[in-house]
Amino acid sequence: MMKQTQKTYVFDFDSTLTRVEALDVLAEITLANNPEKEAIIQEITDITNKGIDGDISFTESLERRIKLLKATKKDLSLLTERLKDKVSKSIIENKDFFENYSNNIYVISCGFKEFIDPIVANYNIPSDRVFANTFMFDDDENIIGFDAANVLAKHNGKIDCLKQLNLPGEVQVIGDGYSDYVMKEAGIADKFFAYTENVSRAKAVDNADHITPSLDEFLYLNKLPRNISYPKHRIKILLLENVHPDAFKRLSEDGFTVETVSHSLTEDDLIEKIKDVHVLGIRSKTKVSAKVLEAAEKLMVVGAFCIGTKQIDLEACKSNGVVVFNAPYSNTRSVVELAIGQIIMLMRSVFARSTELHQGQWNKTAKGSREVRGKILGIVGYGNIGKQLSILAESLGMQVYYYDIEDRLALGNAKKCSTLKELLNTADVVSLHIDDNANNKNYMSSKEISWMKDGAILVNLSRGFVVDINALKDALLSGKLSGAAVDVFPVEPIANGVFETELKGIPNVILTPHVGGSTEEAQKDIADFVPNKILGYINSGNTVDSVNFPNIRLPRQENSHRFLHIHKNVPGIMAKINKVLAKYNLNITGQYLATDANVGYVIVEVDKEYNKEVLQALRSIENTIKFRVLY
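Here we summarise the structure given alongside this text. (Residues numbered from 1 in each chain as written. Predicted model: local features only at pLDDT ≥ 70, side-chain atom pairs only at ≥ 80, totals over all residues. Heavy atoms only, no water.)

What about the packing of aromatic side chains?
With the rule as written, the count across this model stands at 22 aromatic pairs. When the ring of Tyr106 is compared with that of Phe131, the centres are 6.4 Å apart and the planes differ by 25°; the resulting orientation is stacked. Of the two residues, Tyr106 is situated in strand β2 (residues 105-112) and Phe131 in strand β3 (residues 130-133); the sequence distance between them amounts to 25 residues. The exposure class assigned to Tyr106 is buried, which follows from its relative accessible area of 14%. Measuring from ring centre to ring centre gives 3.8 Å for Tyr382 and Tyr402, while their planes differ by 15°; the resulting arrangement is stacked. Taken together, the residues span a long stretch of sequence, with Tyr382 in the loop between β14 (376-380) and α19 (384-395) and Tyr402 in strand β15 (residues 399-403) at a distance of 20 residues. (Phe/Tyr/Trp six-rings, centres within 6.5 Å; stacked < 30°, edge-to-face > 60°. Helix = DSSP H or I, 4+ residues; strand = E, 2+ residues; numbered from the N terminus. Buried < 20%, exposed > 50% of the residue type's maximum accessible area, 1.4 Å probe, protein only.)

Thoughts on the sheet that holds β2
Strand order in the open sheet formed by six strands is β3-β2-β1-β6-β7-β8, with parallel pairing between adjacent strands. Whereas interior strands pair on both sides, the edge strands pair on one side only; in this sheet they are β3 and β8 (210-212). Going from strand to strand, the sheet's axes swing by 20° on average, the running direction of each strand aside. Two strands pair when backbone bridges link them, and strand β7 (residues 191-195) and β8 are joined in this way by three bridges, in the parallel orientation. Among the inter-strand pairings, Phe193 is bridged to a residue of β8, identified as His210. Where helix α8 (residues 113-120) meets the sheet, it contacts β2 and β3, and its direction lies at approximately 145° from that of β2. (Pairing = 2+ DSSP bridges. Axes fitted to C-alpha atoms, helices over the stretch in contact; angles between N-to-C directions. Contact = heavy atoms within 4.5 Å.)

Concerning the environment of Arg553
For Arg553, the location among the structural elements is in the loop between α23 (520-540) and β21 (561-568). Classification of Arg553 as partly exposed rests on a relative accessible area of 48%. A sequence separation of 548 residues divides Arg553 from Thr5, and the C-alpha atoms of the two residues are 41 Å apart. The residues contacting Arg553, other than those within four sequence positions of it, are Asn542 and Val544.

A word on the packing of helix α3 (residues 37-52) against helix α4 (residues 58-69)
The contact between α3 and α4 brings their axes to 9 Å, and the two run at 165°. Taken together, α3 and α4 sit at an angle that is classed as roughly antiparallel. Handedness of the crossing formed by α3 with α4: left-handed. Residues Ile40, Glu43, Ile44, Ile47, Thr48 and Gly51 of α3 touch α4, and the partners they reach there are Ser61, Arg64, Arg65, Leu68 and Leu69. Grouping the amino acids of the contact of α3 with α4 by side-chain chemistry returns five nonpolar, three polar and three charged. (Parallel < 35°, antiparallel > 145°, perpendicular 65-115°, else oblique. Left-handed = near helix turned anticlockwise from the far one by under 90°. Nonpolar A, V, L, I, M, F, W, Y, C, P; charged D, E, K, R; others polar.)

Things to note about the pattern of salt bridges
Within this structure, the stated rule accounts for 33 salt bridges. Measuring nitrogen to oxygen at the nearest pair gives 3.1 Å for the salt bridge that ties Glu60 to Arg64. Of the two residues, Glu60 and Arg64 both sit in helix α4, four residues apart, roughly one turn of that helix. Look at the salt bridges and you will find they share partners, linking Asp12, Lys158 and Asp180 into a network. (Salt bridge = Lys/Arg side-chain N within 4 Å of Asp/Glu carboxyl O.)

Quick look at unusual backbone geometry
In the Ramachandran plot, Ser349 falls in the positive-phi region, its phi being about 55° despite a non-glycine side chain. Tracing the backbone shows Ser349 in the loop between α17 (332-347) and α18 (350-358). Since its relative accessible area comes to 10%, Ser349 is described here as buried. At Asn442, a position not held by glycine, the phi torsion is positive, near 50°. Inspection of the secondary structure assignment puts Asn442 in the loop between β17 (429-432) and α21 (446-450). For Asn442, a relative accessible area of 33% puts it in the partly exposed group.

Remarks on the packing of helix α2 (residues 22-30) against α4
Between α2 and α4, the least distance of the axes is 10 Å, while the angle of their chain directions is 20°. Between α2 and α4, the crossing angle belongs to the class labelled roughly parallel. Crossing hand, α2 versus α4: left-handed. Facing α2, whose interface residues are Leu23, Leu26, Ala27 and Thr30, α4 presents Leu62, Arg65 and Leu69.

Points about the layout of surface pockets
The computed volume of the second largest pocket comes to approximately 1,600 Å³. Around the second largest pocket sit 45 residues that line it, and Arg226, Ile228, Ser229, Val629 and Tyr631 are the ones nearest its centre. For the lining of the second largest pocket, the secondary-structure elements that each account for two or more residues are α7 (95-100), α23, β21, α25 (612-619) and β24 (624-629). Ranked by residue count, the leading element in the lining of the second largest pocket is β24, at four residues. Looking at the lining of the second largest pocket, its residues break down into 19 nonpolar, twelve polar and 14 charged. (1 Å grid on protein atoms, 1.4 Å probe; cavity = no way out; pocket = protein on both sides within 12 Å on 5 of 7 lines; lining within 4 Å. Points joined across faces, edges and corners; volume = space filled by probe spheres on them.)

Here it is, written out as C-alpha cells:
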C-alpha cells in the first residue's frame with residue numbers, strides 16, 4: 001500500500017478564521033466617541049486592504065494603522081470578547097476538524113498573538129502553533145507599536161516565517177489575501193486556497209490553486225471529515241419568474257450558489273438550463289414536465305413560490321426522487337383582502353361611477369349601490385382562504401354560507417350547505433376558492449350559474465378553468481348576474497403584454513391579471529416560507545409540508561452521521577438497508593421511515609463514519625431511486 005503524504009494546514013486569521021479584520025474591530029472600540037470615527041475607520045480599512053494586496057509594505061500598513069488606533073491593553077480584552085462572536089460560520093460548524101487534526105494545523109498571521117491566541121485556543125490550537133506579531137506598550141499600557149524584530153512585522157514576513165518552521169510533507173495555505181499566496185509563490189507552500197467566505201480579493205482568487213467559499217469546500221477537496229457531506233456552494237439553485245429577492249438572500253446566505261431569472265422558461269429552455277441544477281424555484285408560469293425531469297439528473301427539490309402545483313408533474317417528480325414544496329398559506333390574507341374589496345366595489349357599482357367620472361360625467365345615484373351588511377356571502381371551497389374570508393365577511397355584517405366536498409368545521413356563525421345548488425340558490429355573492437383538480441373544469445357552467453339568484457355577483461380568485469367564461473358572459477349581458485370579479489383566466493400569457501378576454505368591456509365587471517396573491521407582503525412571506533422548506537430538506541432531510549412525498553422529520557442527533565434513502569415502495573427495502581449497516585458494524589442511532597402508495601423515504605443516523613463501500617452498497621440496493629449523504 002502506498003504511504004499517504006503527510007499534510008500540514010497553515011491558516012490565516014483575519015477574514016479567514018474570523019469574519020473580520022481584528023484591527024478594524026479594535027478601531028470600532030477605540031474610536032467609539034470620536035466625532036471623526038467613520039473617516040478614520042475607512043482610512044484604516046483602506047490601509048488594511050493595501051497591505052493585504054501587497055500595494056504597500058506590510059510594515060508601513062501596520063505602523064499607520066496602530067498610530068490611528070490609539071488603543072490600550074484594556075481595549076484588547078474587549079476586542080477578544082468581540083472576536084469570539086466573529087468566528088467564520090463554517091469554521092464553527094467544523095470545530096471537530098481543528099480538534100482532531102490540531103497536530104497538523106498552524107496559524108501564521110500578520111495580526112497579533114494577544115488576540116489570536118485566546119480565540120484559536122477554543123479550537124485546540126496551542127499558542128506554540130500560532131505565529132503572529134506582538135504589541136509594544138508604554139508604562140500606562142497604551143499600545144505604542146509592535147515588535148519590529150518579529151519576522152512577521154516585515155514585508156512578506158510570512159515567507160520567512162514558514163521557511164523557519166521547515167514543515168514536513170505537503171504544506172497547504174488557507175487565507176484570504178495575496179500576502180498568503182506569496183508563500184506558494186516563493187515555493188515553500190505546495191498549494192494555496194483562496195478563502196472567500198468573508199471577503200473575495202481579486203489578487204488572491206486569481207492566483208489560487210482552489211477557491212474555497214467555505215471550510216467545507218477545503219475539507220471536501222482534501223477528503224477530510226466535515227460537518228456536511230457536500231459543500232453547499234456546489235449545490236446550484238435556479239429561481240425563475242422574478243421570485244422575491246428575499247428568497248435569493250436567504251438561500252445564498254446559507255452558502256448555496258443561486259441564480260435568478262426574471263421570467264419563466266419554455267420547456268426546451270428549461271431542459272437546457274436544468275442539467276446542473278439541484279434546486280428549482282418557480283411560480284405559476286413555468287411547467288415542470290416529465291420531459292424536464294428526465295433531463296434534471298441532479299435535481300432534488302422543486303419549490304413552488306405560490307399555492308398551486310398544477311404546473312408541476314408531481315408523480316414524475318416523485319418517481320425521480322424530487323421533493324416538491326409550495327406555499328399554501330403565505331398569500332392567503334392577500335387573496336382574502338382582494339375578495340372583500342371586490343365584493344364591496346361590485347355591490348356599490350364603484351367601477352361604473354369611477355369610469356363615468358373619468359369620462360367627464362357626474363352621475364350621483366343610489367341605483368345599483370347596496371351595502372354588504374346583511375347580504376349573504378356564499379363561499380365555495382372552505383379551505384385556508386375560504387375560512388379567512390368567512391371571518392372577515394362576517395365582521396362586516398354579512399351572513400356566510402359555505403359548501404365544500406370535505407367535512408369542514410364552520411368558523412363563527414357560518415352555515416354549511418349540503419349541496420352546491422343549495423348555496424347558489426341562497427347567496428347574494430358567490431366567491432370561488434376551489435383547488436386546481438382537473439375535474440373542476442367548468443365547475444361553474446351555464447347550469448350552475450342558472451342556480452344563482454337573479455342579480456347575484458360572482459367572484460373568482462381560484463383557478464381560471466373552473467368558470468365557463470362564455471356562460472359567465474351570457475349571464476352578465478342578460479342581467480342574470482349584476483356583476484363579477486375575475487382574477488384568473490382559462491389561458492393566461494407567459495409574460496406581460498396584450499391580453500384579450502370575452503369579458504372585456506362588460507359593465508360592473510372587475511378584471512385583474514392574476515394578482516390575488518401578488519402583494520409585497522405575500523411575496524415576502526412566500527420568500528421566507530418556501531426557502532425554509534427547501535433548506536430543511538437539503539440540510540436535514542425534512543419533508544414536512546411536501547405536496548408529493550411522505551412527510552417526516554428526524555431531529556438531528558449529536559455525534560452521528562445521516563443519510564437519506566428514497567426507494568420504490570416494495571417489501572423488504574428496510575431489511576436490506578439494515579442488513580448493509582449490520583454488515584459494516586454500523587449502529588443505528590435514529591431511523592424514521594414513511595411511505596405512500598408509490599415511494600418510501602427513510603432517514604437513518606448511525607454512530608460512526610462510513611466508508612465508500614457502505615455508501616455504494618446502499619446505493620446499489622434494488623429499487624433505490626435516490627440516495628444522499630447529509631453529514
